[in-house]
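Coordinates in review
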Amino acid sequence: MFRVFIIFAWAVLLVILLYLWAEIREIAMIVRENKRELLRRNLSGRASETFPNFQEEEQKEREREQQRSREETEERSQEQGRKTRGMTLNASEEQVLDEVLTEFLG
């Protein structure tokens, strides 16, 4: 009789432990889900407040690149304009240059 009582007590204790283990697992799963949801809300709130939209950032980068290329083309055109202005001589300058060259070249 005593052995039956001990076996029955062990079985009840095992059932109670299994029930507690299942409850603890369920609570842990709920806690994990709540943590995920809090992090998701927190990160999405931060992203919408402080970080720009990635498409807007990409568009701004393209605009900066276009501005740089425009500035570079303007600088090149100015340099070419300077070069062409330096190469063209008016009639009096050409005459002086011809005289100097004839004196040195003989």
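Residues numbered from 1 in each chain as written. Predicted model: local features only at pLDDT ≥ 70, side-chain atom pairs only at ≥ 80, totals over all residues. Heavy atoms only, no water.

So, the overall build of the chain
Looking only at helices and strands, the chain features three helices and zero strands. Along the chain direction, N to C, the helices and strands of the chain fall in the order α-α-α. Buried residues in the chain amount to 1% of all 106 residues. Of the roughly 10700 Å² of accessible surface on the chain, 60% is carried by carbon and sulfur atoms. (Helix = DSSP H or I, 4+ residues; strand = E, 2+ residues; numbered from the N terminus. Buried < 20%, exposed > 50% of the residue type's maximum accessible area, 1.4 Å probe, protein only. Areas by Shrake-Rupley, 256 points an atom, 1.4 Å probe, with all protein chains shown as cover.)

Concerning a nonpolar patch on the surface
Residues Phe2, Phe5, Ile6, Phe8, Trp10, Val12, Leu13, Ile16, Leu17, Tyr19, Leu20 and Ile24 make up a contiguous nonpolar surface patch of roughly 1300 Å² in combined accessible area. With respect to the secondary-structure elements, Phe8 resides in helix H1 (residues 2–50). Looking at Phe8, the relative accessible area reads 55%, which means it is exposed. (Patch = residues over 30% accessible without salt bridge, like charges linked within 9 Å, V, L, I, M, F, W, Y side chains within 5 Å. Salt bridge = Lys/Arg side-chain N within 4 Å of Asp/Glu carboxyl O.)

Digging into the packing of aromatic side chains
Applying the stated criterion across every chain, the model contains zero aromatic pairs. Just above the ring of Trp21 sits the side chain of Arg25; from NZ or CZ to the centre is 5.1 Å. (Phe/Tyr/Trp six-rings, centres within 6.5 Å; stacked < 30°, edge-to-face > 60°. Lys NZ or Arg CZ within 6 Å of the ring centre and 35° of its normal.)

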